[in-house]
Amino acid sequence: MTRSRCARRVVLASVLVATGCASGVPHRIDTVAARLDRLLADYRGRDRPGACLLARHRGSVIYERCVGMADLETNEAATPQSNFRLASLTKQFTATAVLRLVQDDALRTTTTIRDVFPDFPSYGNAVTVHHLLTHTSGLIAYEDLMSEGENAQIKDAGVLALMGSVDSTYFSPGTAYRYSNSGYAVLAQMVEAVTGNSFSRFLAEVIFEPLEMEGTVAYEAAIGTVVHRAYGYSRHGDGSWRRTDQSPTSAVLGDGGIYSSLRDLNRWLDVVEGRRHVLDPQLSARMVERATLSTGERIDYGYGWRLDTLGGRVRYHHEGSTIGFRNGIQRFPHEDLSVVFLSNRNEVKDTLYEAIAEALLDRIEHRP
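One structure accompanies this document, and this report is about it. (Residues numbered from 1 in each chain as written. Predicted model: local features only at pLDDT ≥ 70, side-chain atom pairs only at ≥ 80, totals over all residues. Heavy atoms only, no water.)

A separate point is the overall build of the chain. A count of helical and extended segments in the chain gives 12 helices and 13 strands. For 368 residues, the compact-globule estimate of 2.2 N^0.38 gives 21 Å, and the chain sits close to it at 21 Å. For the chain, the C-alpha atoms occupy an extent of roughly 70 × 45 × 35 Å along the three principal directions. Looking at the chain residue by residue over its 368 residues, the buried ones come to 54%. Excluding contacts between residues fewer than 6 apart, the proportion of contacts in the chain whose partners are at least 24 apart in sequence is 66%. Counting every atom, the chain has about 15,400 Å² of accessible surface; 46% of that belongs to carbon and sulfur. For the chain, the distance from the average position of its 41 positive side-chain charges to the average position of its 44 negative side-chain charges is 8 Å. (Helix = DSSP H or I, 4+ residues; strand = E, 2+ residues; numbered from the N terminus. Rg over C-alpha atoms; globule rule 2.2 N^0.38 Å. Buried < 20%, exposed > 50% of the residue type's maximum accessible area, 1.4 Å probe, protein only. Contact = heavy atoms within 4.5 Å. Areas by Shrake-Rupley, 256 points an atom, 1.4 Å probe, with all protein chains shown as cover. Lys, Arg positive; Asp, Glu negative; His and termini not counted. Charge placed at Lys NZ, Arg CZ, Asp CG, Glu CD.)

So this is what it looks like as structure tokens:
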């Protein structure tokens, strides 16, 4: 057993069976690590984009591994410091930023779009911050309003302008659920309008810097940089990989523009798990409460988090999917288990996130 492999077994053993890395390590220790390693097998190698996986139990890291490459062109391997574009994992940060303004009495969840942008079309009188956070606003998908064949990247301000170019929503706000990237781009613009600061700077000041998430950034080309950047790729029919890192929607920040790493997200999990705070606990709790429609029906979404069960266990989670990246975060509050998966390729097996969680939950629940 190599030194690095032994170290990984020690970490696993400290939680799962409380033993060391010696010849007498029980076989099931190796089995849980081996199961996770097998799930990452297709990402392994210096000829393919990679993946990083982190699991925490009771606040301690029990598995951490990166395989494959962050940058095929420069032959840079993926590491816990590699920063991946989070895509829709960004939404929990956007929601946190908005709730910070609620906490500071700069916004309310009942604040409407027109309260912040008086020149917005009249339908904005009925769309509240709560609707935007919970995907119950009915806003038209900005992707469907963009000019066909347009290659220039749209930004959050452009999304707000597109929302102002129409005079209706898919449905009356609050009456239905429809996942909306438009809503989170509008929220980012509301943050800027209320604070007088850029969205990226506000995130840094209230979240990233206090938590020492030193490599994490809401990336704006020509303004900031992404250190230790992982670039996105797509697989060709012949099995080769092509860099597909950006699309016309990749510059929108509020719905998916944050880059982060395992190292930094490990610090963010302290907040997710309630071990550190950037919000009052009561506001944090609202993020994982199911929203209720005007019909009385409850939906499986809170503020930036999907809410469901896996194998009968309560789960908070979100996936992040954009050109060249596929990511997922899962939190099992009753088991005190958190899992982060990051990858810089344009594909992921449908069952991967569940298989990772089940491997960890099985060993946690059957430890001595």
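As a further point, take the sheet that holds strand E11 (residues 313-322). Ordered in space as E2-E1-E13-E12-E11-E10, the 6 strands form an open sheet in which the pairing is antiparallel. Two strands lie at the open edges of the sheet, namely strand E2 (60-67) and strand E10 (306-310), each paired on one side alone. Pairwise comparison of adjacent strand axes, ignoring direction, gives a mean angle of 15° for this sheet. In this structure, E10 lies alongside E11, joined through 5 bridges in antiparallel fashion. Its bridge partner being in E11, leucine 307 is matched across the sheet by tyrosine 316. (Pairing = 2+ DSSP bridges. Axes fitted to C-alpha atoms, helices over the stretch in contact; angles between N-to-C directions.)

Before going further, it helps to spend a moment on the state of the cysteines. Using the criterion set out here, one finds 1 disulfide in the structure. Two residues, cysteine 52 and cysteine 66, share a disulfide whose sulfurs are 2.1 Å apart. Note on the cysteine 52 and cysteine 66 pair: the S-S dihedral is about 115°, so by sign convention the disulfide is right-handed. Pair noted here: cysteine 52 is in strand E1 (residues 51-57) and cysteine 66 is in strand E2, with a separation of 14 residues, a long-range link. (Disulfide = S-S within 2.5 Å.)

Right, let's talk about the packing of aromatic side chains for a bit. In this structure the tally under the stated criterion is 9 aromatic pairs. Taken together, a centroid distance of 5.7 Å and an interplanar angle of 75° make the contact between tyrosine 43 and phenylalanine 341 edge-to-face. Of this pair, tyrosine 43 sits in the loop between helix H2 (27-39) and E1 while phenylalanine 341 sits in strand E13 (residues 337-343), placing them 298 residues apart in sequence. Overall, tyrosine 43 belongs to the buried group, its relative accessible area being 5%. Given the relative accessible area of 1%, phenylalanine 341 is considered buried. Relative to tyrosine 301, the ring of tyrosine 177 has its centre 6.1 Å away and its plane inclined at 40°; by these criteria the two rings are tilted. Residue tyrosine 177 is found in the loop between helix H7 (156-164) and helix H8 (181-195), and its partner tyrosine 301 is found in the loop between helix H11 (281-286) and E10; the two are separated by 124 residues along the sequence. When its relative accessible area of 32% is taken as the criterion, tyrosine 177 is described as partly exposed. Members of the aromatic cluster, joined through ring pairs, are Tyr43, Phe341 and Tyr353. The cationic tip of lysine 91 hangs over the ring face of tyrosine 184; the distance from NZ or CZ to the ring centre is 5.7 Å. It is arginine 178 that lies over the ring of tyrosine 170; its NZ or CZ is 3.7 Å from the centre. (Phe/Tyr/Trp six-rings, centres within 6.5 Å; stacked < 30°, edge-to-face > 60°. Lys NZ or Arg CZ within 6 Å of the ring centre and 35° of its normal.)

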